[in-house]
Amino acid sequence: MQRLPCIYFFEPTEYKNINNAISWFGVHIKKSYNYTTLDLSVTHEAQARLSRITYSQHQLTNFTVVPFTL
């Protein structure tokens with residue numbers, strides 16, 4: 001099967017710092033929609049809080065994510 005070429009209306013960008021992007025998004029949403037109860041503490045160091053898909057590889061360590069219960 002032949003793949004069609006991708007056509008972009010603009011040049012896609014890469015996030016250099018995902019923590020800043022998510023933090024900015026949280027602050028922007030809170031102010032724009034007047035969400036007074038939105039907790040912005042979860043947007044700080046957001047990359048460390050990413051949930052992992054079971055049996056996927058961690059992007060920094062390449063370790064496989066294995067689920068466990070306590």
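This write-up is about the structure you can find in this document. (Residues numbered from 1 in each chain as written. Predicted model: local features only at pLDDT ≥ 70, side-chain atom pairs only at ≥ 80, totals over all residues. Heavy atoms only, no water.)

For the protein, the count of helices and strands is one helix and zero strands. The buried share of the protein, reckoned over its 70 residues, is 11%. By sequence separation, contacts in the protein at least 24 residues apart represent 16% of the contacts at least 6 residues apart. (Helix = DSSP H or I, 4+ residues; strand = E, 2+ residues; numbered from the N terminus. Buried < 20%, exposed > 50% of the residue type's maximum accessible area, 1.4 Å probe, protein only. Contact = heavy atoms within 4.5 Å.)

For the rest of this paragraph, the subject is the environment of asparagine 19. Structurally, the position occupied by asparagine 19 is in helix α1 (residues 18–32). Since its relative accessible area comes to 22%, asparagine 19 is described here as partly exposed. For the pair asparagine 19 and alanine 46, spaced 27 residues apart in sequence, the C-alpha separation works out to 5.3 Å. Once residues lying within four places of it in the same chain are set aside, the contact partners of asparagine 19 are Thr43, Glu45, Ala46 and Gln47.

Along the chain, serine 23 turns up in helix α1. Excluding its chain neighbours within four sequence positions, the residues that come into contact with serine 23 are Thr43 and His44.

Time to look at the environment of valine 66. Position of valine 66 relative to the elements: it lies in the segment after α1. Classification of valine 66 as partly exposed rests on a relative accessible area of 49%. In the structure, valine 66 is positioned 13 residues away from isoleucine 53 in sequence and 9.0 Å away in space, judged by C-alpha atoms.

Here we come to the packing of aromatic side chains. In the structure shown here, the tally under the stated rule is one aromatic pair. Ring centres of tyrosine 33 and tyrosine 35 lie 5.8 Å apart, and the angle between their planes is 25°; this geometry places the pair in the stacked category. Residue classification places tyrosine 35 among the partly exposed positions, given a relative accessible area of 42%. (Phe/Tyr/Trp six-rings, centres within 6.5 Å; stacked < 30°, edge-to-face > 60°.)

Counting along an α-helix, one turn takes 3.6 residues, and residues three or four places apart therefore face a common direction. The terminal C-alpha atoms of α1, which comprises 15 residues, lie 21 Å apart, in line with the 21 Å expected from a rise of 1.5 Å per residue. Considered for burial, the residues of α1 that qualify are Ala21, Ser23, Gly26 and Ile29. Where α1 starts, the residue carrying a side-chain oxygen 3.1 Å from the main-chain nitrogen of asparagine 19 turns out to be asparagine 17. (Expected span 1.5 Å × (residues − 1). Polar contact = N/O pair within 3.5 Å; in protein donor to acceptor, adjacent residues only side chain to side chain.)

All right, on to the side chain of threonine 43 then. With respect to the secondary-structure elements, threonine 43 resides in the segment after α1. Judged by its relative accessible area of 11%, threonine 43 is buried. In contact with threonine 43, not counting residues within four places along its chain, are Asn19, Ile22, Ser23 and Gly26.

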